[in-house]
Each structure stands twice: as C-alpha cells, then as structure tokens.
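Here is how the chains run, residue by residue.
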Amino acid sequence: MATLTEAHTDLTTSRGLMRVHTFTPTGSGKHPAVIFFSEIFQVTGPIRRMAAALAGEGYLVAVPEVYHEFEPLGCVLAYDQAGSDRGNELKFTKELASYDEDVDVLVKWLQGHESCTGKIGSHGVCLGGHLSLRAGFHDGISAVACFYPTDVHSATLGAGKNDDTLKRIGELEARMLFVWGRQDPHIPQEGRELIHGRLEEAGREFEWHEFNAAHAFLRDEGARYNPALARVCMALLLRFLGESLE
C-alpha cells in the first residue's frame, strides 16, 4: 500500500493536446503502469477514486481524457441526461484511428516515464472497457482488463459505427480479463455470448466473470453502485495485474 501524487500532463497528438491525469505512488522507484480508460463522462470523481485506489496498490495509473479533440482540457461531463447525450454523441463522432493513436501516444510516453518499469497494462469501464480491449492490439500492452465494455458485440464504436475490435480479437497477445453485469442492458446475454464465442474460436486464453449487477456497478455514485461487488472486482483486478505486469 502507498500514498500517491496526482498530477496531469498534456501530450501531443495529431488532433491536438490530450490531457492525461496521473496517479503515482510516492517515493522513488519504478512501478508497472496501467492506462485507465474512463466512461463517456471522462475523468469524474468516481473515476479519480478508482484510479487512486489502484495507484495505492503500487501502480502508475494514467487516465486520458478520451474526448480531448472535442472538449476543452479538463472537461468533465455530468452524470445527467445532457452529459450522457454529449458523451454518447462524441463516442460515435471520434474516429477509430484517433482512439488508436491515443494508445500509441500513451504507451510511448509511459515507456519513457521515470516512474515506469516499462510494463504496461490497460483497464477500463464502459466505453473505457472497449478502449482497454483495443489497447491490447498495441504491442506495448501486456494485459487488458475490460469491465462491462460497450459496443464490442455490436461493432459500433467510433465514427461510422463500424469498428473491427471483435473481428480482430483473435490477434490479441495480451492477457485478458472480462467482467460483466448480467442485468446490463448495454451488453445483453447474446452480446456476451458472441464475444465469448469469438474468443473460444480464436483459441485465446482469457478470464471471464459475470455477476448479477447493472451497468456501471463499479461507479460509486448513483443507484447502480454495488460496493460489495466493487470490492470483489478490485481483488480480481489486482490479482490479474499482479500476475501480468510484475
């Protein structure tokens, strides 16, 4: 367990600056890094608390603002209808190539970071779960943890709503962890079965957990939050990252 320092850095992409919030264990030494991709609302209070909790376990955690080319740096969308509408609009406006470029920029930056061992994983919730999975296509990512990742089964991420994540999932060399809520309307049973089937067909090794929970059950604000399952999922995540990045 460790105390931590929170800061931010603005990285250059071909579509402008991308703000990255970092949560770093205090003291000298190097740590495995985790790119933590947020929900559609960007770096909210719940996302910061999840990032801080992970950093307290000895990881350098980097949380990018995924809509950096559309919103001012530091923008946080509210957990209301207007925020949800804007987040969903931008999810299907941002180009797939931009999502992937962000990963490349982040990996290269972390590989040269003074507090990083060079081992890098990705983790994400909701939209971020999908982005975490796509991050696994980058050869600098050793492990991906995907919590209720949206739009994978429907292949609708990005401009044109025609992503290739599921088609390419057999290419993933990174270790994979998936966590789902059975009562999640965004990823119904048939969607989960489709993803599971593709992984089996591809002969990939992966870890799969389903719980009786709604979408966004890790978010510690609102009626869907399940604190008991959140503790279980943190244990799953820490064990997975420990096996994959140490």
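Scoring rules and cut-offs
Each residue is numbered by its place in its chain's sequence as written, counting from 1. The model is predicted, so local features are restricted to residues of pLDDT at least 70 and side-chain atom pairs to those at 80 or more, both for listing and for counting; the totals for chains, interfaces and linings are taken over all residues. Just so you know, side-chain values use all the structure's heavy atoms and leave hydrogens and water out. By the criteria applied, helices consist of DSSP H or I runs no shorter than four residues and strands consist of E runs no shorter than two, each listed in order from the N terminus. When we talk radius of gyration, it's over C-alpha atoms, and the globule rule is simply 2.2 Å times the number of residues to the 0.38. Throughout, a residue-residue contact means that at least one pair of heavy atoms, one from each residue, lies within 4.5 Å. In this count, Lys and Arg are taken as positive residues and Asp and Glu as negative ones, while His and the chain termini are left out. Think of each charge as sitting on NZ of Lys, CZ of Arg, CG of Asp or CD of Glu. UniProt positions are given in the numbering used here, feature names are shortened, and annotations may be inferred rather than shown by experiment. Each residue is placed in one exposure class: buried if its accessible area under a 1.4 Å probe, protein chains only, is under 20% of its type's maximum, exposed if it is over 50%, and partly exposed if it falls in between. Working note: the arc is built from the helix axis to C-beta atom directions. Whenever two N or O atoms come within 3.5 Å, that pair is a polar contact, provided that in protein one can donate a hydrogen and the other can accept it, and provided that, for residues adjacent in sequence, both atoms are side-chain atoms. Each nonpolar core is a collection of buried residues, namely Ala, Val, Leu, Ile, Met, Phe, Trp, Tyr and Cys, held together in the definition by side-chain atoms within 4.5 Å. Here, axes are lines fitted to C-alpha atoms. For helices the fit covers the stretch in contact, and angles between N-to-C directions go from 0 to 180 degrees. Any angle from 65 to 115 degrees is called roughly perpendicular, while one under 35 is roughly parallel, one over 145 is roughly antiparallel, and all others are oblique. By the definition used in this description, the sense in which the near helix is turned from the far one sets the handedness, with an anticlockwise turn below a right angle giving left-handed and a clockwise turn giving right-handed. For this scheme, ten residues count as nonpolar: Ala, Val, Leu, Ile, Met, Phe, Trp, Tyr, Cys and Pro. Four count as charged, namely Asp, Glu, Lys and Arg, and the remainder, Gly too, count as polar. Method remark: on a 1 Å grid restricted to protein atoms, a set of points is classed as a cavity if a 1.4 Å probe fits but cannot get out and as a pocket if it is open with protein on both sides within 12 Å along at least five of seven lines; lining residues have an atom within 4 Å of a point. Grid points are joined across faces, edges and corners, and a volume is the space filled by probe spheres set on the points. Each Phe, Tyr or Trp ring, with Trp reduced to its six-membered ring, pairs with another whose centre is within 6.5 Å; inter-plane angles below 30 degrees give stacked pairs, above 60 give edge-to-face pairs, and intermediate values give tilted ones.

Visitor: Any chance you could explain the overall build of the protein chain here in plain terms?
Guide: What the protein chain contains, in helices and strands, is seven helices and eight strands. Scaling as 2.2 N^0.38, a compact globule of 246 residues should have a C-alpha radius of gyration of about 18 Å, and the protein chain matches this with 16 Å. By its C-alpha atoms, the protein chain is 45 × 35 × 35 Å across when sized along the principal axes. Intrachain contacts of the protein chain at a sequence separation of at least 6 include 71% that bridge at least 24 residues. The centroid of the 23 positive side-chain charges in the protein chain is displaced by 1 Å from the centroid of its 34 negative side-chain charges.

Visitor: Would you explain the UniProt feature "domain: Dienelactone hydrolase" (unreviewed entry) in the protein chain in this entry?
Guide: Under the local residue numbering, the UniProt record ascribes the feature "domain: Dienelactone hydrolase" (unreviewed entry) to residues 19-243. Annotation note: span residues 19-243, helix share 36%, strand share 20%, distance between end C-alpha atoms 29 Å.

Visitor: How should helix α2 (residues 81-91) be read in this particular structure?
Guide: Each turn of an α-helix holds 3.6 residues, which means side chains three or four residues apart point in the same direction. For α2, every residue scored as buried is listed here: Gly83, Ser84, Gly87, Leu90 and Lys91. One side of α2 carries all its buried residues, which in axial view fall inside an arc of 135°. Turned more than 90 degrees off the buried face of α2, the exposed positions are Gln81 and Ala82. In this structure aspartate 80 caps α2, since a side-chain oxygen of it lies 3.3 Å from the backbone nitrogen of alanine 82.

Visitor: How do you make sense of the nonpolar core when you look at a structure like this?
Guide: For soluble globular proteins, the rule of thumb is that nonpolar side chains tend to be buried together. Counting residues in each nonpolar core, the largest one holds 77 residues, and the members touching the most others are Val61, Leu133, Phe147, Tyr148, Phe217 and Leu218. Looking at this core element by element, the count peaks at eight residues for helix α7 (residues 227-245). Filtering out sequence-adjacent residues up to four positions away, valine 61 remains in contact with His21, Thr22, Phe23, Val34, Phe36, Ala51, Leu54 and Ala55.

Visitor: Mind showing me how you'd approach the packing of helix α3 (residues 96-111) against helix α4 (residues 127-135) here?
Guide: Geometry of a packed helix pair, given as the angle between the helix axes and the separation of the axes. Direction vectors running N to C along α3 and α4 enclose 70°, while the axes themselves pass 10 Å from each other. As summarised for this structure, α3 and α4 are arranged roughly perpendicular, according to the angle between their axes. Crossing of α3 against α4: the hand is right-handed. Contacts from Leu96, Tyr99, Asp100 and Val103 of α3 reach α4 at Leu127, Leu131, Arg134 and Ala135. When its residues are assigned to classes, the contact of α3 with α4 shows six nonpolar, no polar and two charged.

Visitor: For this particular structure, what's the right way to read unusual backbone geometry?
Guide: Leaving glycine out, the prevailing phi sign among residues is negative, and the prevailing peptide bond configuration is trans. Although it is not a glycine, aspartate 151 sits at a positive phi angle of roughly 70°. You can see aspartate 151 is positioned in the loop between β6 (143-147) and α5 (165-168). Assessed through its relative accessible area of 10%, aspartate 151 is described here as buried. At alanine 216, a position not held by glycine, the phi torsion is positive, near 60°. Here alanine 216 lies in the loop between β8 (207-211) and α7. Assessed through its relative accessible area of 2%, alanine 216 is described here as buried.

Visitor: So what exactly am I meant to see when it comes to the layout of surface pockets here?
Guide: One simple way to see leftover space: roll a probe sized like a water molecule over the atoms. Of the voids in this model, the largest pocket is the one considered here, and its volume is about 300 Å³. Lining the largest pocket we find 17 residues, and of these Phe41, Ser84, His215, Arg219 and Arg224 sit closest to its centre. Its boundaries defined by the atoms lining it, the second largest pocket holds a volume of some 230 Å³. Lining the second largest pocket are 14 residues, with Met50, Ala53, Leu218, Ala230 and Met234 positioned closest to its centre. Elements with a contribution of two residues or more to the lining of the second largest pocket: α1 (45-55) and α7. Among the elements that line the lining of the second largest pocket, the one with the most residues is α1, at five residues. Considered class by class, the residues forming the lining of the second largest pocket number eleven nonpolar, one polar and two charged.

Visitor: Sorry, what's going on with the side chain of glutamate 101 here?
Guide: Relative to the helices and strands, glutamate 101 is located in helix α3. Polar side-chain contacts of glutamate 101 include one of 2.8 Å to the side chain of serine 14. Apart from the residues within four sequence positions on either side, glutamate 101 is in contact with Thr13, Ser14 and Arg15.

Visitor: Before we go on, may I ask you to explain the packing of aromatic side chains in this structure?
Guide: The geometry of an aromatic ring pair is captured by the separation of the ring centres together with the interplanar angle, meaning the angle of the planes. As enumerated under the stated definition, the model contains six aromatic pairs in all. Relative to tryptophan 208, the ring of tryptophan 180 lies with its centre 5.0 Å away and its plane at 40°, an arrangement referred to as tilted. A residue pair is termed long-range when its members are at least 10 positions apart, and tryptophan 180 in strand β7 (residues 175-181) and tryptophan 208 in strand β8 qualify at 28 residues. Note on phenylalanine 206 and tryptophan 208: the rings are 6.0 Å apart at their centroids and 75° apart in plane angle, and the pair reads as edge-to-face. Put simply, the rings of Phe178, Trp180, Phe206 and Trp208 pair up and form one aromatic cluster.

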